[in-house]
Amino acid sequence: MNARVFAGGVLSYLYNGWLSNFPSHLLRRAYLGSYLGACGSKTWIQLGCRFLNGRKVFLGANNSINFGCLLDGRRFEIHTGANVSIGPEASILTLGHDPQSSMFEDRGGDVHIGDYVWIGYRALVMPGVTIGEGAVVAAGSVVTKDVEPYAIVAGTPAKKIGERSRDLKYELDFKPFLV
């Protein structure tokens, strides 16, 4: 194992195993400010969130990452825009395995999440997906394909069930106590 992989493993362990559940947002935020690829201003990361290779996770401004989320930047990158709300226990994956591979080879891709996206409770975003600006992913949905801007998707796999208003002007500034 090379020194860089070892150091990354140690940094992940320190956050995921210790700091992730420490009830001080300021301390967690300070660590994540240097551990993540980017962590935009007024982005709030609640207790119990886990990052796999945080160097490849780029969070925009005014994001709300709710408790228990998993953001997987092991080989590919995750990029979020501004004012993104990711619901509790949601997972964003960038890496998996090719089910057709006789050698169980890796398969994955970058995940891009546009401005004003709302991802619901326990949703799962699969590798290589782009979620367009203003889109909504319903709770428990599994996103396997790109989501067009302002679409509302739900189900397994997620399918378009509606359209969201394009008149979005809010700025997320969620600051819960002790989380």
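Per chain, residues are indexed from 1 in the order of the written sequence. Reporting of local features is limited, given that this is a predicted model, to residues whose pLDDT is at least 70; pairs of side-chain atoms are given and counted only at 80 or more, and all residues count toward the totals for whole chains, interfaces and linings. The basis for the side-chain values is all heavy atoms of the structure; hydrogens and waters are excluded.

The next thing to look at is the side chain of N83. To qualify as a helix, a DSSP run of H or I must reach at least 4 residues; to qualify as a strand, a run of E must reach at least 2; elements of each kind are numbered from the N terminus. Position of N83 among the secondary structure elements: in the loop between β7 (78-80) and β8 (85-86). One polar contact links the side chain of N83 to the main-chain amide nitrogen of L172, over a distance of 2.7 Å. Between N or O atoms, a polar contact is any pair within 3.5 Å; within protein, one atom must be a potential hydrogen donor and the other a potential acceptor, and residues adjacent in sequence are included only when both atoms are from side chains.

Right, let's get into the pattern of salt bridges. For this document, the term salt bridge refers to a Lys or Arg side-chain nitrogen within 4 Å of an Asp or Glu carboxyl oxygen. Tallied over the full model, the rule gives nine salt bridges. D98 is the partner of R107 in a salt bridge, and the nearest nitrogen-oxygen pair spans 3.8 Å. Three exposure classes are used, based on accessible area relative to the maximum for each residue type with a 1.4 Å probe and protein chains only: buried under 20%, partly exposed in between, and exposed over 50%. With a relative accessible area of 21%, D98 lands in the partly exposed category. Across the pair E163 and K160 runs a salt bridge whose closest N-O atoms are separated by 2.8 Å. With a relative accessible area of 47%, K160 lands in the partly exposed category.

The step from T156 to P157 runs through a cis peptide bond, and the omega angle for that step is -5°. Its place among the elements puts P157 in the loop between β18 (151-154) and β19 (159-163). The backbone phi angle of K42 is positive, close to 60°, even though this residue is not glycine. A positive phi angle, close to 65°, is found at Y150, a residue other than glycine. With respect to the element layout, Y150 can be found in the loop between β17 (142-143) and β18.

The next point concerns the pairing of β19. Strands were regarded as paired on the criterion that DSSP finds at least two bridges between them. Bridging between β18 and β19 involves four bridges; their strand directions are antiparallel. Across the sheet, residue A154 finds its bridge partner in β19, namely K159. The turn linking β18 back onto β19 is made up of four residues, and G155 within it adopts a positive phi angle of 105°.

Turning next to the nonpolar core. By nonpolar core we mean a set of buried residues, namely Ala, Val, Leu, Ile, Met, Phe, Trp, Tyr and Cys, connected to one another through side-chain atoms within 4.5 Å. Core analysis: the biggest nonpolar cluster contains 34 residues, and L36, I45, F51, L71, I119 and I131 have the highest contact counts within it. Counting residues per element, the ones that place at least two in this core are α2 (25-35), β4 (57-59), β12 (111-113) and β18. Of all the elements, α2 adds the most residues to this core, at three residues. Note on contacts: a residue pair is in contact if any heavy atoms of the two residues lie within 4.5 Å. Once residues within four sequence positions are removed from consideration, F51 is found in contact with S12, Y15, N16, L32, Y35, L36, I45, V57 and L71.

Here we take up the side chain of Q46. If you trace the backbone, Q46 turns up in the loop between β2 (44-45) and β3 (50-52). One polar contact links the side chain of Q46 to the main-chain amide nitrogen of F67, over a distance of 3.3 Å.

Attention now moves to the packing of aromatic side chains. Aromatic pairs are defined between Phe, Tyr and Trp rings, using the six-membered ring for Trp, whenever the two ring centres lie within 6.5 Å; interplanar angles under 30 degrees are classed as stacked, those over 60 as edge-to-face, and all others as tilted. Scanning the entire structure with this criterion turns up four aromatic pairs. Their ring planes at 85° and their centres at 4.9 Å tell us that Y116 and Y170 sit as a pair that is edge-to-face. Here the residue Y116 occupies a position in the loop between β12 and β13 (118-119), and Y170 occupies one in the segment after β19, the gap between them amounting to 54 residues. Using a relative accessible area of 29% as the deciding quantity, one classes Y170 as partly exposed. Taken together, the ring pairs in this structure connect Y15, Y31, Y35 and F51 into an aromatic cluster.

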